[in-house]
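Each chain, letter by letter, is given below.
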Amino acid sequence: MSLHNRKILKNNSKVIENYFFMTILQILNMCFYLLIYPFLIRTLGQEGYGLYAYAASMVFLFVTFVNFGFDLPAAQQVALHSDDKQVLRSVLSCVQTAKIYIEMIAVLCFAVIMLINPIMGNAPCVFWITFSQTLTFILFPQWYYQGLQKMKMVTYIQFGFRLLSLPFIFIFVKSPQDVWVFALITSLASVLGGITAWLMIRYCDGIKIYWASIPAVKRAYLEAVPFCGSNIIGVAKEQGMILMAGSFLGMADVAIYDLANKIMLIPRTIFSKLNDALYPKMVVRGDKETNRRVLLYEVVLGVGAMLCVALFGPLAVYVLGGEQMMSSYGVTVILSFTILCWLVVGVFLQFYFVPAGYTRHILYNQIVAMSSCFIVAGVGLYFWHNVYALAVAYAFSGLCEIFYCYIVAKNKRML
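The shown structure was predicted, so the numbers you read here are calculated from the model rather than taken from an experiment.

So, how was this worked out
Residues numbered from 1 in each chain as written. Predicted model: local features only at pLDDT ≥ 70, side-chain atom pairs only at ≥ 80, totals over all residues. Heavy atoms only, no water. Helix = DSSP H or I, 4+ residues; strand = E, 2+ residues; numbered from the N terminus. Buried < 20%, exposed > 50% of the residue type's maximum accessible area, 1.4 Å probe, protein only. Contact = heavy atoms within 4.5 Å. Patch = residues over 30% accessible without salt bridge, like charges linked within 9 Å, V, L, I, M, F, W, Y side chains within 5 Å. Areas by Shrake-Rupley, 256 points an atom, 1.4 Å probe, with all protein chains shown as cover. Salt bridge = Lys/Arg side-chain N within 4 Å of Asp/Glu carboxyl O. Expected span 1.5 Å × (residues − 1). Polar contact = N/O pair within 3.5 Å; in protein donor to acceptor, adjacent residues only side chain to side chain. pLDDT = per-residue confidence, 0-100. Axes fitted to C-alpha atoms, helices over the stretch in contact; angles between N-to-C directions. Parallel < 35°, antiparallel > 145°, perpendicular 65-115°, else oblique. Left-handed = near helix turned anticlockwise from the far one by under 90°. Nonpolar A, V, L, I, M, F, W, Y, C, P; charged D, E, K, R; others polar. Core = buried A, V, L, I, M, F, W, Y, C linked by side-chain atoms within 4.5 Å.

## Digging into the environment of phenylalanine 140
Part 1 of the reasoning: In this structure, phenylalanine 140 sits in the loop between α8 (136–139) and α9 (142–148).
Part 2 of the reasoning: Since its relative accessible area comes to 6%, phenylalanine 140 is described here as buried.
Part 3 of the reasoning: Between the C-alpha atoms of phenylalanine 140 and threonine 196, which are 56 residues apart in sequence, the distance is 8.2 Å.
Part 4 of the reasoning: Apart from the residues lying within four places of it in its own chain, the contact partners of phenylalanine 140 are Tyr145, Val154, Ile157, Gln158, Gly193, Gly194 and Ala197.

## Thoughts on a nonpolar patch on the surface
Part 1 of the reasoning: A contiguous nonpolar patch, built from Trp180, Leu184, Leu188, Leu192, Ile195, Leu199 and Tyr203 and spanning about 670 Å² of accessible area, is present on the exposed surface.
Part 2 of the reasoning: Tracing the backbone through its elements, the reader meets leucine 184 in helix α11 (residues 179–203).
Part 3 of the reasoning: Judged by its relative accessible area of 34%, leucine 184 falls in the partly exposed class.

## A word on helix α19 (residues 387–411)
Part 1 of the reasoning: Helix length check: α19, at 25 residues, gives a terminal C-alpha distance of 37 Å against a target of 36 Å (1.5 Å per residue), a fit within 8%.
Part 2 of the reasoning: Backbone nitrogen of tyrosine 388 and a side-chain oxygen of the N-cap are separated by 2.9 Å at the start of α19; the cap is asparagine 386.
Part 3 of the reasoning: Downstream of α19 by one or two residues, arginine 413 has phi in the positive range, about 55 degrees.

## Focus on the confidence of the model for the chain
Part 1 of the reasoning: On average, residues of the chain carry a pLDDT of 83, and 88% of them reach 70 or more.
Part 2 of the reasoning: Confidence scores differ between elements of the chain, with helix α1 (residues 3–11) showing the lowest mean pLDDT of 45 and helix α7 (residues 124–131) the highest of 94.

## Some thoughts on the packing of helix α10 (residues 151–172) against α11
When two helices pack together, their arrangement is given by the angle between the helix axes and the distance between those axes.
Part 1 of the reasoning: Running from amino to carboxyl end, α10 crosses α11 at an angle of 155 degrees, the nearest separation of the two axes being 9 Å. With respect to α11, the element α10 is oriented roughly antiparallel. As for the relative orientation of α10 and α11, their crossing is right-handed in sense. Contacts between α10 and α11 involve Met153, Ile157, Phe161, Ser165, Phe168, Ile169 and Phe172 from the former and Val181, Phe182, Ile185, Thr186, Ala189, Leu192, Gly193, Thr196, Ala197 and Met200 from the latter.
Part 2 of the reasoning: Considered class by class, the residues forming the contact of α10 with α11 number 13 nonpolar, four polar and no charged.

## Digging into the pattern of salt bridges
Part 1 of the reasoning: Tallied over the entire structure, the rule returns one salt bridge.
Part 2 of the reasoning: Across the salt bridge formed by aspartate 258 and lysine 262, the nearest N and O atoms sit 3.0 Å from each other. Residue aspartate 258 and its partner lysine 262 are located together in helix α13 (residues 251–272), separated by four residues, close to a single helical turn.
Part 3 of the reasoning: According to the relative accessible area criterion, aspartate 258 is buried, its value standing at 7%.
Part 4 of the reasoning: A relative accessible area of 12% places lysine 262 in the buried class.

## Topic: the nonpolar core
Part 1 of the reasoning: Ranked by size, the top nonpolar core spans 103 residues in total, and within it Phe70, Phe110, Phe127, Trp143, Tyr144, Tyr257 and Leu390 carry the most contacts.
Part 2 of the reasoning: Here the element with the most residues in this core is helix α12 (residues 214–249); it accounts for twelve residues.
Part 3 of the reasoning: Beyond its immediate stretch of four places on either side in the chain, phenylalanine 110 contacts Met58, Val59, Phe62, Met120, Phe127, Trp128 and Phe131.

## Some points on the side chain of lysine 262
Part 1 of the reasoning: At a separation of 2.9 Å, a polar atom in the side chain of lysine 262 contacts the side chain of tyrosine 49.
Part 2 of the reasoning: With residues near it in sequence (within four places) discarded, lysine 262 still touches Tyr33, Leu34, Tyr37 and Tyr49.

## A word on the environment of methionine 251
Part 1 of the reasoning: Residue placement: methionine 251 occurs in helix α13.
Part 2 of the reasoning: Overall, methionine 251 belongs to the buried group, its relative accessible area being 12%.
Part 3 of the reasoning: Taking the C-alpha atoms as reference, methionine 251 lies 4.9 Å from glycine 50; in sequence the two are 201 residues apart.
Part 4 of the reasoning: Ignoring sequence-local partners within four residues, the contact set of methionine 251 consists of Gln46, Glu47, Gly50, Leu51, Tyr54, Ile119 and Gly246.

Okay, structure coming up:
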């Protein structure tokens, strides 16, 4: 290896390590779900598994609400002040306090929705157990480890508890009536991982988290508002497709759409954390030329991933779901366009807009995406009562995101 290449590796060793462990975490999580998927779809059935997928989608909206967009600005503070324990203590305490306040509101809102949504009212145990996973995102500050570029700790904790839950799933989930058992096992694994991370920060890192003051929490809310709006809208768009499938088409279609999402986890897992791993370094040292190169490389990666999905998609659907789920392949091919969108839009948001202070465009971008998605989905379901309409709507919204980001970046002379 040449001296120049060794120097590049040395200068970017932390980025490489961070990306490696963030990607490994996603790959392990993906393998976990893909490993148990054939068992679950055959044991719980399309309707039973569709119910859990519906519950998980509903709860993920509340997870996004509880997170409130703190992750990026908090990770930025940690990256900039990684050696100052007092700053880290202040950021951790402020974010955790703010999330606890939001959790109280989330519990009340969830209870109201439970009363008015007949699907949720028919299986309250499944929904409340799944909702308990919101506690994980209060206790487990993944953004803290991201900012410190120590994602291997997150990998060890999260996957360790998922691995421990595996035998319990195979032993205790035996019939379609055991949906609540599966929800309980996965929720316990998630919450226990969060408790472990919280204890490690307290006793291994020596950071004692305190109850932050109202003014400090208020400042954190104001800083996170653009990110919160963007995250909520983005998740509402993504999970809304599953909720629309369950509400207008049926739980079997939820299972079909969910399988397509599961297959999309493979390329998404490989590439989705790339920008997160680069973020701590780019936010400090990024420049126009570097941003252009990263954007070009990620376009190439996205197109290559789409081709791989088209080529290997049928095999993936058959192995995971069997012949009964082959209609998921078409949905998967359509959704593969979003791989390119995740990569390209991620570059614009994290490397162009955030460092330049144009955070409001993160929110505007998601408003454009959600509006286009639900308009196309509504029209599609009206004329074409099929799950493919939802996939087309979601892919089209990604194209709108790319177009919006490009226009803003060009007008601001950032390209």
